[in-house]
Amino acid sequence: LEEEVVLSEPSQVAENPENTEKPAEVLSPALIAEQLNFDKSAGLLWPISGQVIIPYSPDHGVFYQTLDQFSTSEAIVLSSAVGTEVKAAAKGVVTSIEEDVRTGTTVTLALGNDTSLVYGQLNVTDLKEGDVLEAGECIGTVAEPTRYYVVEGPNLYFKVLEGETSVDPTELLKEEQ
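So, a few notes on the structure that sits alongside this text. (Residues numbered from 1 in each chain as written. Predicted model: local features only at pLDDT ≥ 70, side-chain atom pairs only at ≥ 80, totals over all residues. Heavy atoms only, no water.)

The nonpolar side chains of a soluble globular protein tend to be buried, and buried together. Among the nonpolar cores identified, the biggest contains 28 residues, and Leu44, Leu109, Leu117, Tyr119, Ile139, Leu156 and Phe158 are the most heavily contacted of them. Elements with a minimum of two residues in this core: strand S4 (76-79), strand S7 (104-112), strand S8 (115-123), strand S10 (138-142) and strand S11 (155-162). Look past the residues within four positions of leucine 156 in its chain and what remains in contact with it is Pro47, Ile48, Ile76, Val77, Leu78, Val86, Tyr119, Gly120 and Leu122. Ile54, Val62, Tyr148 and Leu161 belong to the second largest nonpolar core, which has 10 residues in total. (Core = buried A, V, L, I, M, F, W, Y, C linked by side-chain atoms within 4.5 Å. Buried < 20%, exposed > 50% of the residue type's maximum accessible area, 1.4 Å probe, protein only. Helix = DSSP H or I, 4+ residues; strand = E, 2+ residues; numbered from the N terminus. Contact = heavy atoms within 4.5 Å.)

Laid out in C-alpha cells, this is it:
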C-alpha cells in the first residue's frame, strides 16, 4: 500500500524544495547582446560565397543597375542563387526580423560590444527574435530579389553596424570565402 501524504500546513510546501519551482527567466535580446563579446580582431565569416556586386560606398555613389542610377551603399551586396544557405558571420542574438521594401525580409543579429550585422533579401522560416546563433549557423536562405535588385539578380544584402554607424564589412570578413 502507498501512503498518501497530506500537507496540512502551507509552510510545508515552501520547506520542500521539490515543490518550489522558479519560473524560467526570460532575457530580452538586448540583455543577451550585452553578455556577448564580439572581438573585432577575430573577424567575421563570409555569410555566403559570392561576388561583391555592389561595394560598400557610404561617401560616393555606386551604380545600381535596376534603379539605373548612382547611389551610396552602407552595405555590400553579394551575388548568389535563390535558396543558398546564409550563415551567421559571428555569434549573436537575433534582435529583429522585419520586412523592408528595399531589402525584403531583413534580420539583425547583435554581436555584443555595440556591433550588429544586418542581413537582407532572405527567406526565414524557424528563426525568431531572441534566438542565439553560433558563427556558421544558418539564418535562412537567399530569396528572390526585391524590385530594387531585379537586374542584379538574387543576392544577399550584408551590413555591419557599430552603434548606428555602418562600417565596411570587407574590412572584417576573413580571407576565405
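Moving on, there is more to tell.
With that settled, the discussion passes to the pairing of strand S6 (residues 92-100). Alignment of S6 against strand S9 (residues 132-133), held across 2 bridges, turns out to be antiparallel. What sits directly across from valine 93, in S9, is valine 132. In this structure, S6 lies alongside S7, joined through 7 bridges in antiparallel fashion. Considered in S7, the bridge of valine 94 is made with leucine 109. Joining the antiparallel neighbours S6 and S7 is a turn of 3 residues. (Pairing = 2+ DSSP bridges.)

Our next topic: the pattern of salt bridges. Evaluated as defined, the whole model comprises 5 salt bridges. A salt bridge links glutamate 74 to lysine 159, with the nearest nitrogen and oxygen atoms 3.6 Å apart. With glutamate 74 in the loop between strand S3 (69-73) and S4 and lysine 159 in strand S11, this pair connects stretches of sequence that are 85 residues apart. Measuring nitrogen to oxygen at the nearest pair gives 3.3 Å for the salt bridge that ties lysine 87 to glutamate 85. (Salt bridge = Lys/Arg side-chain N within 4 Å of Asp/Glu carboxyl O.)

Successive side chains on a regular strand alternate, one facing one side of the sheet and the next facing the other. Of all 9 residues in S7, 9 are buried; the element is thus mostly enclosed. Sheet analysis places S7 next to S8, joined by 6 bridges and oriented antiparallel. Within S8, the position partnered with glycine 112 by the bridge is threonine 115.

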